[in-house]
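A closer look at the structure
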Amino acid sequence: MSQITKKQIVESVPQKGFFGHPKGLFTLFFTEFWERFSYYGMRAILLFYMYYEVTKGGLGISETTALSIMSIYGALVYMSGIIGGWLADRLFGTSKAVFYGGILIMFGHIVLAMPGGATALFISMGLIVLGTGLLKPNVSSVVGDLYDINDNRRDSGFSIFYMGINMGGFLSPLIVGEIGLKYNFHLGFSIAAIGMFFGLVMFMLTKKKNLGLAGTQVPNPLKPEERKRFMLTTLGAVVVLVILMVISIPRGWLTFDSFIGLVGILGFLIPFCYFIVMYRSKKTNSDEKSRILAYIPLFLASVMFWSIAEQGSTILALYADKRTNLDVFGFHISPAWFQSFNPLFIIVLAPVFAWLWIKMGNRQPTIPQKFSFGILFAGLSFIVILLPAYFGGADTLVNPLWLVLSIFIAVLGELCLSPVGLSATTKLAPAAFSAQTMSLWFLSNAAAQALNAQLVKFYSAETEMMYFGIIGGVAIVLSLILFAISPVISKFMKGVH
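Residues numbered from 1 in each chain as written. Predicted model: local features only at pLDDT ≥ 70, side-chain atom pairs only at ≥ 80, totals over all residues. Heavy atoms only, no water.

This paragraph deals with the overall build of the protein. A count of helical and extended segments in the protein gives 16 helices and two strands. Taking 2.2 N^0.38 as the reference for a compact globule, 497 residues should give roughly 23 Å; the C-alpha atoms of the protein span a radius of gyration of 22 Å, in line with that estimate. Dimensions along the principal axes, computed over C-alpha positions, put the protein at roughly 65 × 55 × 40 Å. Scored against the burial criterion, the 497 residues of the protein give a buried share of 55%. Residue pairs at least 24 apart in sequence account for 83% of intrachain contacts in the protein once pairs closer than 6 positions are excluded. (Helix = DSSP H or I, 4+ residues; strand = E, 2+ residues; numbered from the N terminus. Rg over C-alpha atoms; globule rule 2.2 N^0.38 Å. Buried < 20%, exposed > 50% of the residue type's maximum accessible area, 1.4 Å probe, protein only. Contact = heavy atoms within 4.5 Å.)

Within the secondary structure, Met163 is located in helix H6 (residues 154–182). Placed 130 residues apart in sequence, Met163 and Phe33 show a C-alpha to C-alpha distance of 8.7 Å. Setting aside residues no more than four positions away along its own chain, Met163 makes contact with Phe29, Ile347, Ala350 and Pro351.

A few words now on the side chain of Glu288. Its location among the elements puts Glu288 in helix H10 (residues 286–309). As a buried residue without a salt bridge, Glu288 has its nearest oppositely charged side chain in Arg291, at a separation of 5.6 Å. The residues contacting Glu288, other than those within four sequence positions of it, are Lys283, Ala429, Pro430 and Ala431. (Lys, Arg positive; Asp, Glu negative; His and termini not counted. Salt bridge = Lys/Arg side-chain N within 4 Å of Asp/Glu carboxyl O.)

Right, let's talk about helix H12 (residues 341–360) for a bit. The terminal C-alpha atoms of H12, which comprises 20 residues, lie 28 Å apart, in line with the 28 Å expected from a rise of 1.5 Å per residue. Within H12, the axis deviates most sharply at Leu349, by approximately 40°, and proline Pro351 lies no more than four positions further along. Taken as a whole, H12 has its buried residues at Pro343, Phe345, Ile346, Leu349, Ala350, Phe353, Ala354 and Trp357. (Expected span 1.5 Å × (residues − 1). Bend = angle between axes of the 7 residues up to and from the residue.)

Let's shift gears to the layout of surface pockets. What the largest pocket holds in volume is close to 1800 Å³. Where the lining of the largest pocket is concerned, the elements lending two or more residues are helix H3 (63–79), helix H4 (81–112), helix H5 (117–145), helix H8 (224–248) and helix H9 (256–280). If you tally residues by element for the lining of the largest pocket, the top one is H8, at ten residues. (1 Å grid on protein atoms, 1.4 Å probe; cavity = no way out; pocket = protein on both sides within 12 Å on 5 of 7 lines; lining within 4 Å. Points joined across faces, edges and corners; volume = space filled by probe spheres on them.)

Considering all chains together, one arrives at 32 aromatic pairs under this definition. Taking 5.8 Å as the distance between ring centres and 45° as the angle between the ring planes, the aromatic pair formed by Phe48 and Tyr52 counts as tilted. Taking the relative accessible area as the measure of exposure, Phe48 reaches 0% and is therefore buried. Seen in terms of ring centroids, Phe331 and Trp337 are 6.0 Å apart; in terms of plane orientation they differ by 25°. Their pairing is stacked. You can call Phe331 partly exposed: its relative accessible area is 46%. (Phe/Tyr/Trp six-rings, centres within 6.5 Å; stacked < 30°, edge-to-face > 60°.)

Pasting the structure below:
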């Protein structure tokens, strides 16, 4: 297939029709809506499913182990994006990657919907990890393909897209959480599978008309000899991996703790290697090399932010279940419902932030400054949630408004960092590594959750104030440092604002 230019891709997409944005944004908005519905619905009850007693339909895993599993699972979900990005860049393009990923995710939820115990849990996790790696970074890359690099609608478009993500994330904990916790966990997981099915149908029915050439091009296709080498290398790697597992597991070399440590190392080693590969590549020009250097502190800031934000499905979920007064005005609140507040606040505030960036135009904060605000708010959200223990002690049930306030403050940070980070990644990415750079953005989340798998071990009722205080304090200090060096980072962006 002949190479297609960025201009040809943009011109092939109907440029208006969805709130003043390209029609392709409609397709991607609702595809991601249903994918997030399925993922966040499953995640809203997964921790409870693991540590609830068997008599309550759970697996009876210890709370600390369940927290670590959740963090490692999240890390692997985003870590697999590097594979999905590479496959899209080198083999079949981002559009096909989105479709194949959705199929794997749907089957992952189907497996989890069956009462197969821990075995079904880990098989499901494997399928969802691979599927999300294909879908998540590539659907965002296609959004970037809809706009010219200088289109002022770009940041606004990503904010609208981000709102679609959170509409799915808002509804699913309410529905899946209610059914999963009140009736049956497996019935809740089956609803997540149905959500992904709807997402696939939406994508297939509208992509040809709305997306044009977006996502169809393979930016850096493998040559025939490279393709053959890739197949042989992949087969060899699978065989070696199986042999290592057969040898190491019975002998106690590969344990859950050692696996957590390995994922933690890979969470930072993989992005480090990718930065080196992209920077040294002959396909990366001098301006792109400078932008890669500018991207590194943004990546580290994102790790700090997501380390706090992703604890909404681990530490704060446990906090909702164990530390929060769930009976308010005679009404019982499901602990899973608190995970709907994050996307609810984003739905309400994302249009405000999108309008604000457009209204401010060239006067808006720079990308690094927005990132510094993001981790500042994240740090403050943890400072807020330590206050109930300070005022009332760690052995009393907490008013749920404290948890809601903490989530609200974290959302302010998320809207300063996450949609802006998606947009900045598409701007700063080297042309030959477009999808893979988007995967690198999601690796910041993987690194954060790999770090969390170790951090959550330190949380308990006795260490609650110290836990929230130290992590929140570190985030605030880093935000001040990032703000101070923002002008230097902006210079390395070479014209990207």
